[in-house]
Amino acid sequence: MTDTADVIVIGAGVQGASLAFHLASRGASVVILERSVIGAGATGRSSGLVRVYYDLLAEARLAWIAQAWFREWDERVGGECGFTRTGFLWIEPRDHIERVRANSASHRAMGVDSTMIEADEIRRLAPGLEIGDEVAAWEPESGYADPSMTASGFLAAAKAKGARLVQNAEVTAVRTGGGRVTGVETSRGAVSAPVVVNAAGGWAGHVAKLAGLDLPLSVWRHDTGYLGVPEEVARPIPVVIDIVHGMYFRPEGADMVLVGLEDDNQIGGSPDRDTADAAPSFRDRAAERIVRRVPGLVDGTFRSSHSGQDGLSPDQRPMLGPAGPDGFYLDCGHSGTGFKTAPAVGLGMAELILDGTSATVDLSPFAFDRFAEGRLLVGEHGDQHAWR
Ligand SMILES: Cc1cc2nc3c(=O)[nH]c(=O)nc-3n(C[C@H](O)[C@H](O)[C@H](O)COP(=O)(O)OP(=O)(O)OC[C@H]3O[C@@H](n4cnc5c(N)ncnc54)[C@H](O)[C@@H]3O)c2cc1C
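So, a few notes on the structure that sits alongside this text. Just so you know, the residues in each chain are numbered from 1, in the order the chain's sequence is written. Given that the model is predicted, a residue must reach a pLDDT of at least 70 before its local features are reported, and side-chain atom pairs must reach 80 or more before they are shown or counted; all residues, however, enter totals for whole chains, interfaces and linings. The side-chain figures draw on all heavy atoms in the structure; neither hydrogens nor water molecules are used.

1. Digging into the site of the ligand
Neighbouring residues of the ligand: 38 residues in total, closest E34, T43, L49, D310 and K340. Polar contacts, as counted here, are pairs of nitrogen or oxygen atoms within 3.5 Å of one another; within protein the pair requires one atom able to donate a hydrogen and one able to accept it, and residues that are adjacent in sequence qualify only if both atoms are side-chain atoms. Taking A42, its main chain carries an N or O atom lying 2.9 Å from an oxygen atom of the ligand. Taking S46, its side chain carries an N or O atom lying 2.9 Å from an oxygen atom of the ligand. Expressed as a share of its isolated accessible area of 1,000 Å², the protein-covered part of the ligand is 99%. If a single non-hydrogen atom of a residue is within 4 Å of a molecule or strand, that residue counts as near it. Surface accessibility in these figures is a Shrake-Rupley result with a 1.4 Å probe; residues are shielded only by whichever protein chains are displayed.

2. Thoughts on the pattern of salt bridges
For this document, the term salt bridge refers to a Lys or Arg side-chain nitrogen within 4 Å of an Asp or Glu carboxyl oxygen. Under the counting rule described, the total for this entry stands at 22 salt bridges. The closest approach of N and O atoms between R293 and D242, which form a salt bridge, is 2.6 Å. You can see R293 sitting in helix α9 (residues 282-293) and its partner D242 sitting in strand β15 (residues 239-242), a full 51 residues away along the chain. Ionic pairing is found between D369 and R375, a salt bridge with its closest N-O pair at 3.0 Å. With a relative accessible area of 37%, D369 lands in the partly exposed category. Relative accessibility thresholds used throughout: buried, under 20% of the residue-type maximum; exposed, over 50%; partly exposed, between the two (1.4 Å probe, protein chains only). Judged by relative accessible area, R375 falls into the partly exposed class, the value being 41%. Note on conventions: DSSP H or I runs of at least 4 residues are helices, E runs of at least 2 residues are strands, and numbering of each starts at the N terminus.

3. Notes on the sheet that holds strand β14 (residues 218-228)
Here, a strand pair is defined by DSSP locating no fewer than two bridges between the strands. The strand order across the open sheet built from eight strands is β6-β7-β5-β15-β16-β17-β14-β18, with neighbouring strands paired in mixed fashion. Looking at the sheet topology across the chains shown, the edges are occupied by β6 (115-117) and β18 (302-312). Taking each pair of neighbouring strands and ignoring which way they run, the sheet shows an average axis angle of 20 degrees. In this sheet, β18 lies alongside β14 in antiparallel orientation, the contact comprising 10 bridges. When the sheet's bridge partners are listed, Y226 is paired in β18 with S304. To obtain each axis, a line is fitted to C-alpha atoms, and for helices this fit is confined to the stretch in contact; angles are then taken between N-to-C directions over 0 to 180 degrees.

4. Side note on helix α10 (residues 342-355)
Every helix has an expected span of 1.5 Å times one less than the residues it contains. For α10, built from 14 residues, the straight-helix expectation of 20 Å at 1.5 Å per residue is met to within 8% by its first-to-last C-alpha distance of 19 Å. Within α10, 12 of the 14 residues are buried, which leaves it mostly tucked inside the rest of the structure. Within α10 the residues assigned to the buried category are A342, P343, A344, V345, G346, L347, G348, M349, A350, E351, L352 and I353. One or two positions beyond α10, positive phi appears at G356, with a value near 85 degrees.

5. Structural notes on the sheet that holds strand β10 (residues 171-177)
Pairing is antiparallel in the open sheet, where three strands are placed in the order β10-β11-β12. Where the open sheet ends on each side, the last strands, each with one partner, are β10 and β12 (189-192). If you compare each strand with its neighbour and ignore which way they point, the axes differ by 25 degrees on average. Relative to strand β11 (residues 180-186), β10 runs antiparallel, the two sharing six bridges. Paired with V171 across the strands is T186, a residue of β11.

6. What to know about the nonpolar core
The criterion is simple. A nonpolar core is a set of buried Ala, Val, Leu, Ile, Met, Phe, Trp, Tyr and Cys residues joined through side-chain atoms within 4.5 Å. Residues L23, I32, M349 and I353 are the most contacted members of the largest nonpolar core, which totals 49 residues. Among the secondary structure elements, those contributing two or more residues to this core are β1 (7-10), α1 (14-25), β2 (30-33), α3 (57-71), α7 (147-160), β13 (195-198) and α10. The element best represented in this core is α10, accounting for eight residues. With near-sequence residues (within four places) excluded, M349 lies in contact with L19, V197, L320, G321, Y329, L330, D331 and L363. Core analysis: the next-biggest nonpolar cluster, separate from the first, contains 30 residues, A169, V174, V184 and L217 among them. Contacts are assigned to residue pairs with any non-hydrogen atoms lying within 4.5 Å of each other.

7. Some details on the side chain of T150
Relative to the helices and strands, T150 resides in helix α7. In this structure, T150 is in contact with V14, F70, W73, C81, A145 and F339, ignoring residues within four places of it in sequence.

Spelled out as structure tokens, the structure:
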């Protein structure tokens, strides 16, 4: 076991991997400690949606900065992250038209190719969908990527720049002295460093306690499944978030879709629960829901389903930056949406740690003190929480 570093990153999910890459790219010596293996938490279960549409502009900006990394992965990181550009539809009922128009306009002002479209155009872009009088935001550049490949790719590039990854090493204590962190103890020995980052996903509440810090973080559990798509269903099928029916879906290759539901996600409980399969009722509920939007899937059959877990914060937005003893940082609370933002969050966190401020990516809205100060983040145009 290596015994010293500039920065210890706890957790080899996509967030820890991205941070390790950006730190190593800046010349910092980094050790990533992972209790299991790469992508063992939320990352390995993630649906991988890569889109910009958020009603909180600070979050959309993170997603937009990150998207360039997915699109230009080979030049920026090297290798493959599985990014597939399918286009993305955010579908809302017609009485939300002003909200969709306003969000889409603010994303366009940032440089995103985003337009508000109406029913005829939605039908033209996605002919397999049953559309009444809904409206949508359309992002032709968005799509999905492979979360496991993304995390492994970041870590391979980080290691090529000198970072060290230790798997099967559970952090069991955070050491402090004189009010600041000095390192950690793990199941495989101790590591010293003046900076320790908690990127432990659903376990981040437990890891924070090791540093004497209480996080307002719940464990959020989310089921997804893959459904076979019969040949008769009209293609293309883009990535869709369907606010009307409270679900999302995306293609997986040519003959499957991945579906997830926004409601009935378990909130609370232990992150150590088994996630091998979805809840017994999930397949029926998801099939009934998706058939309303894609009627041709009435003949589709589930190939598999599984569950995953992430850390959920009170405003369903991440906690990023210093908290607790000096040198202790949070990169957690990603609340079921932290895959697409990881390349940008890692960049901003590396700047915050090494330069004292995040210049390229403004992470200040996500500071931890917002919870104590009652400044919970809300979208500019009257959003609602994604997960129910
Ligand atoms: C089913 C599902 C679907 C999702 N779909 C999307 C999506 O489409 N788009 C999107 O943007 N986001 C999505 N998300 C959210 C996204 O996947 C997560 O926000 C993101 O993967 C979080 O990454 P992470 O690195 O913070 O956490 P994780 O991937 O959970 O990694 C944390 C790591 O820390 C390790 N760890 C924990 N405790 C310790 C310890 N004491 N010592 C050492 N290591 C430790 C764990 O083993 C784990 O590997 C989804 C999440 C789920 C569960």
